[in-house]
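Here is how the chains run, residue by residue.
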Amino acid sequence: VARHLRGDRNATSALLGRLEPAMLRLATALLRDAIEAEDVVVEVMLEMVPRFATVEPTALPAYARRAVRHTCIDLMRQRARRDSRRALRGTVGLGVASGEGTPVEALAAHQTLPEDKVIAVQQDQLAIEAIADLSAPTREAVRLYYGMGLTYDEVAERMSRSRSWVARALLQARDAVGDRLRVAE
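Residues numbered from 1 in each chain as written. Predicted model: local features only at pLDDT ≥ 70, side-chain atom pairs only at ≥ 80, totals over all residues. Heavy atoms only, no water.

Draft legend 1. Quick look at the packing of helix α2 (residues 9–31) against helix α3 (residues 34–48). Two numbers describe how α2 lies on α3: the axes approach to 8 Å, and their chain directions differ by 135 degrees. Between α2 and α3, the angle is such that the two are oblique. Regarding α2 and α3, the two cross each other, and that crossing is right-handed. Residues L16, L19, E20, M23, L24, A27, T28 and L31 of α2 form the contact with α3, whose own contacting residues are A34, E36, A37, E38, V40, V41, V44, M45 and M48. Of the residues belonging to the contact of α2 with α3, the class tally is 13 nonpolar, 1 polar and 3 charged. (Axes fitted to C-alpha atoms, helices over the stretch in contact; angles between N-to-C directions. Helix = DSSP H or I, 4+ residues; strand = E, 2+ residues; numbered from the N terminus. Parallel < 35°, antiparallel > 145°, perpendicular 65-115°, else oblique. Left-handed = near helix turned anticlockwise from the far one by under 90°. Contact = heavy atoms within 4.5 Å. Nonpolar A, V, L, I, M, F, W, Y, C, P; charged D, E, K, R; others polar.)

Draft legend 2. Structural context of the packing of aromatic side chains. In the structure shown here, the tally under the stated rule is 2 aromatic pairs. Taking 4.8 Å as the distance between ring centres and 90 degrees as the angle between the ring planes, the aromatic pair formed by Y145 and Y146 counts as edge-to-face. When the centroid spacing of 5.1 Å and the interplanar angle of 65 degrees are considered together, the rings of Y145 and Y152 count as edge-to-face. Of the aromatic side chains, those joined through ring pairs into one cluster are Y145, Y146 and Y152. It is R161 that lies over the ring of W165; its NZ or CZ is 4.3 Å from the centre. (Phe/Tyr/Trp six-rings, centres within 6.5 Å; stacked < 30°, edge-to-face > 60°. Lys NZ or Arg CZ within 6 Å of the ring centre and 35° of its normal.)

Draft legend 3. Highlighting α2. Between its first and last C-alpha, α2 extends 30 Å over 23 residues, near the 33 Å set by a 1.5 Å rise per residue. Within α2, the axis deviates most sharply at E20, by approximately 35 degrees, and proline P21 lies no more than four positions further along. Among the residues of α2, those classed as buried are A11, T12, L15, L16, L19, M23, A27 and L31. Two residues or fewer after α2 comes R32, characterised by a positive phi angle close to 60 degrees. (Expected span 1.5 Å × (residues − 1). Bend = angle between axes of the 7 residues up to and from the residue. Buried < 20%, exposed > 50% of the residue type's maximum accessible area, 1.4 Å probe, protein only.)

Draft legend 4. Geometry of the environment of E20. Counting through the fold element by element, E20 comes out in helix α2. E20 sits 24 residues away from V44 along the chain, and the two C-alpha atoms are 9.8 Å apart. Apart from residues lying up to four places away in sequence, E20 is in contact with V41 and M45.

Draft legend 5. Representation of the packing of helix α7 (residues 136–147) against helix α8 (residues 152–159). At a minimum axis distance of 10 Å, the contact between α7 and α8 shows a crossing angle of 135 degrees. Taken together, the axes of α7 and α8 are oblique relative to one another. When the axes of α7 and α8 are compared, the crossing they make is right-handed. Along its contact with α7, which presents P137, E140, A141, L144 and Y145, the element α8 presents Y152, V155, R158 and M159. Classifying every residue of the contact of α7 with α8 gives 7 nonpolar, no polar and 2 charged.

Structure representation (structure tokens):
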């Protein structure tokens, strides 16, 4: 670390080289995707280099593990939210939330492969069930945000709620849909 602080690039490479295998094993185990794991390790290494001066040299391995773990957790949360958003957008687009038609009728107009239709109908039904289990205000927030395309602020204004309430309600809805879809897998 002292050599790195004096500007020795070989020392920086050697230090990162010692930490990299353990970081890569941890990221791969958490993400179950070697390519994403490599991306996480690179991102963490880029964050670590400027911090070498402030982190105790003996604490660098623990710091690296913690940084990898937190970065992986953030990435997994982003994935879950993305998957939940896709599921919610699909159900609202079907018109089911507003009482127009059925998921099967709506899907028939947009899908081409029979197996895709079956999978989509099952996923939509699970998402609809998860949304139906939400409180009425949360369902309304979902309808306004995903169905009508309003912003958090616009939903908050229409519902006479705070923006943070809307954000929490939509997060709760995404989590509920994501949980229901993961259980079904």
